[in-house]
Amino acid sequence: MSESRLADASMDFAVMILRLTENIKQHFSLVNQLERSATSIGANIREANYASSKPDFAAKLQIALKECYETEYWLELMWRTEILPEESIKAALHDCGEIRRMLITSINTIKSHIKN
């Protein structure tokens, strides 16, 4: 899996989330949590590129994966509470799911290389 593809997807996703939430005036704490977790995905992927070892690289991607799961939680919460429109949430959840799958593939690949 190309790490630049993953980095590009996570950057595009962070931009989408920031644009999606920029006009929400209420629920500051929820918006803050969503923005922090969504932007953290890409930050950890970028940080992984400068890991000191393969296990460190895998650990950074694992953190990005955890942030992905957290982001999905906040998106689902905003959907259920109707803070954001359903169509926007569906698109964001789809993109987050794609990133999650890419991360899982990357983590599994690097872990298989660590064992060998």
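As the structure is a computational prediction, the values presented were derived from the model and not from experiment.

Asker: Quick one: what's the story with the pattern of salt bridges, residue by residue and with numbers?
Answerer: One pass over the full model with this rule turns up five salt bridges. Linking Arg100 and Glu72 is a salt bridge whose minimum nitrogen-to-oxygen distance equals 3.0 Å. Of this pair, Arg100 sits in helix 4 (residues 86–115) while Glu72 sits in helix 3 (residues 54–80), placing them 28 residues apart in sequence. Glu86 serves as the salt-bridge partner of Lys90, at 3.1 Å between the closest nitrogen and oxygen. One end of the pair is Lys90 and the other is Glu86, both in helix 4 and four residues apart, which spans about a single turn. Residue class for Glu86 comes out partly exposed when judged on its relative accessible area of 40%. Taken together, the salt bridges that share partners define one network made up of Glu47, Asp56 and Lys60.

Asker: Describe in detail the packing of helix 3 against helix 4, supporting the description with residues and values.
Answerer: Their axes nearest at 9 Å, the elements helix 3 and helix 4 cross at an angle of 160°. If you check the angle between helix 3 and helix 4, you find them roughly antiparallel. Every pair of crossing elements has a handedness; the one defined by helix 3 and helix 4 is left-handed. Residues of the contact of helix 3 with helix 4, tallied by class, amount to 21 nonpolar, five polar and seven charged.

Asker: Let's hear about the packing of helix 2 (residues 28–48) against helix 3: which residues, and what values?
Answerer: Running from amino to carboxyl end, helix 2 crosses helix 3 at an angle of 160°, the nearest separation of the two axes being 8 Å. One way to sum up the angle between helix 2 and helix 3 is to call them roughly antiparallel. For the pair helix 2 and helix 3, the sense of crossing is left-handed. Partitioned by chemical class, the residues of the contact of helix 2 with helix 3 number 16 nonpolar, five polar and four charged.

Conventions used here
- Residues numbered from 1 in each chain as written.
- Predicted model: local features only at pLDDT ≥ 70, side-chain atom pairs only at ≥ 80, totals over all residues.
- Heavy atoms only, no water.
- Salt bridge = Lys/Arg side-chain N within 4 Å of Asp/Glu carboxyl O.
- Helix = DSSP H or I, 4+ residues; strand = E, 2+ residues; numbered from the N terminus.
- Buried < 20%, exposed > 50% of the residue type's maximum accessible area, 1.4 Å probe, protein only.
- Axes fitted to C-alpha atoms, helices over the stretch in contact; angles between N-to-C directions.
- Parallel < 35°, antiparallel > 145°, perpendicular 65-115°, else oblique.
- Left-handed = near helix turned anticlockwise from the far one by under 90°.
- Nonpolar A, V, L, I, M, F, W, Y, C, P; charged D, E, K, R; others polar.

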